[in-house]
Amino acid sequence: MFEFEILTNAIIHSTIKTTVIGPSISGPLIGAIIGSTFTWILAHGTEFYRFTKKKKGIYVILNSEVENNISNLKIFEIYHPVKKSYTIRNEWTINDFQNFYKTLNDFPILRHDNWDKFIDTVPEIFTQYEISKIIECNSKLDKLSDLARFLSNYEIEDSLNQDNLDLKELRFDDYLKITENYRTFEKNFNDLLRDLNTIKDIFSEKGKKLIFSLDYDLLLIMFIEIIGIISFAILLKFL
């Protein structure tokens, strides 16, 4: 920063002036102590500001990843609704199940690559509780992706695969058997979408704090610079 250069020059000028013409050693000593203190504070404050700015950049990338996963799941559900399992018995045939499984070829790619990439910086942004919640959510994300991939190639066994047979015509044991995978997918899908929205709320609150911290750090640095310049101006006047 420009003010940092001014402050550094003031330190050098103050020390040289007081050493050459000062009546005692107290002048240069005071100048050196004050100058060193302000330089140290300013340097560390500037570095802290840069680190906070870096954290905000990483936060934006991670937040975008979460929002993309939510958006992709919602778009999938628009075209391929995941109906509640307790309502489909009176609506679906066995063939409807097979058709739904085929639609899972279009299941979106859900990612947490950026989370893995910045895992070393994550503890500087999130609390231990928040990290555990996000990791748990990422695990569910992987689990649902694996299940969708499996079901996209799943074939209902021949003994039950009668195209237009209504589910309500099945024996209850057969009904439970044929709907087991669908019920698992439905639960995992809804659980993940709910958890992702919870994670989104965590990111939203974290974003507000990062913006406040960034603005606060910048104001603090500016304040230190101003105080430093004023202090040296006064020091130069009386030495």
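Residues numbered from 1 in each chain as written. Predicted model: local features only at pLDDT ≥ 70, side-chain atom pairs only at ≥ 80, totals over all residues. Heavy atoms only, no water.

(A) Looking closely at the overall build of the protein. When its secondary structure is counted, the protein shows six helices and zero strands. Traced from its N-terminal end to its C-terminal end, the protein shows the element sequence α-α-α-α-α-α. By residue count, 39% of the 239 residues in the protein fall in the buried class. Only carbon and sulfur atoms are counted for the fraction: they give 58% of the accessible area of the protein, which is about 14400 Å². (Helix = DSSP H or I, 4+ residues; strand = E, 2+ residues; numbered from the N terminus. Buried < 20%, exposed > 50% of the residue type's maximum accessible area, 1.4 Å probe, protein only. Areas by Shrake-Rupley, 256 points an atom, 1.4 Å probe, with all protein chains shown as cover.)

(B) Spotlight on the environment of S139. With respect to the secondary-structure elements, S139 resides in helix α5 (residues 128-151). When its relative accessible area of 46% is taken as the criterion, S139 is described as partly exposed. Residues S139 and H112 lie 27 residues apart in sequence; the distance between their C-alpha atoms is 9.6 Å.

(C) Broad picture of the pattern of salt bridges. Overall, the coordinates contain ten salt bridges when judged by the stated rule. The shortest N-O distance in the salt bridge between K83 and E91 comes to 3.5 Å. On the accessibility criterion, E91 (45% relative accessible area) is partly exposed. For R149, the salt bridge is made with D146, and the minimal N-O distance between the two is 2.4 Å. (Salt bridge = Lys/Arg side-chain N within 4 Å of Asp/Glu carboxyl O.)

(D) Layout of the confidence of the model for the protein. Of the residues in the protein, 64% reach a pLDDT of 70 or more, and the chain-wide mean stands at 78. Across residues 1-8, confidence stays below pLDDT 50; counting only partners more than four residues off in sequence or on other chains, it has 14 contacts. (pLDDT = per-residue confidence, 0-100. Contact = heavy atoms within 4.5 Å.)

(E) Looking closely at the side chain of N188. Positionally, N188 belongs in helix α6 (residues 172-238). Sequence-distant contacts of N188, that is, excluding residues within four places in its chain, are made with K143, L144 and L147.

(F) Structural context of α5. Under the 1.5 Å per step criterion, the end-to-end length of α5 is 35 Å for 24 residues, consistent within 8% with the ideal 34 Å. Of the residues making up α5, those classed as buried are E130, I131, I134, C137, N138, L141, L144, S145, L147, A148 and L151. (Expected span 1.5 Å × (residues − 1).)

(G) Main features of the nonpolar core. Among the nonpolar cores identified, the biggest contains 46 residues, and L73, F107, F126, L167, F185 and F189 are the most heavily contacted of them. Every element with two or more residues in this core is listed here: α2 (26-79), α3 (94-103), α5 and α6. With twelve residues, the top contributor of residues to this core is α6. Once you skip the residues sitting within four places of it in the chain, L73 turns out to touch F107, P108, L110, L144, F189, L192, L193 and L196. (Core = buried A, V, L, I, M, F, W, Y, C linked by side-chain atoms within 4.5 Å.)

(H) Seen up close, the side chain of D195. One can find D195 in helix α6. One polar contact links D195 to K140, side chain to side chain, over a distance of 2.6 Å. (Polar contact = N/O pair within 3.5 Å; in protein donor to acceptor, adjacent residues only side chain to side chain.)

(I) Fine view of a nonpolar patch on the surface. Together, I75, I78 and Y79 make up a nonpolar patch on the protein surface, roughly 370 Å² of accessible area in all. Secondary-structure assignment places I75 in helix α2. (Patch = residues over 30% accessible without salt bridge, like charges linked within 9 Å, V, L, I, M, F, W, Y side chains within 5 Å.)

(J) Broad picture of the packing of aromatic side chains. The final tally for this structure, using the stated rule, is 18 aromatic pairs. Linked through ring pairs, F76, W92, F97, F100, Y101, F107, F150, Y154, Y182, F185 and F189 together constitute an aromatic cluster. Its guanidinium or amino end placed over the ring of Y175, R89 lies 4.4 Å from that ring's centre, counting from NZ or CZ. (Phe/Tyr/Trp six-rings, centres within 6.5 Å; stacked < 30°, edge-to-face > 60°. Lys NZ or Arg CZ within 6 Å of the ring centre and 35° of its normal.)

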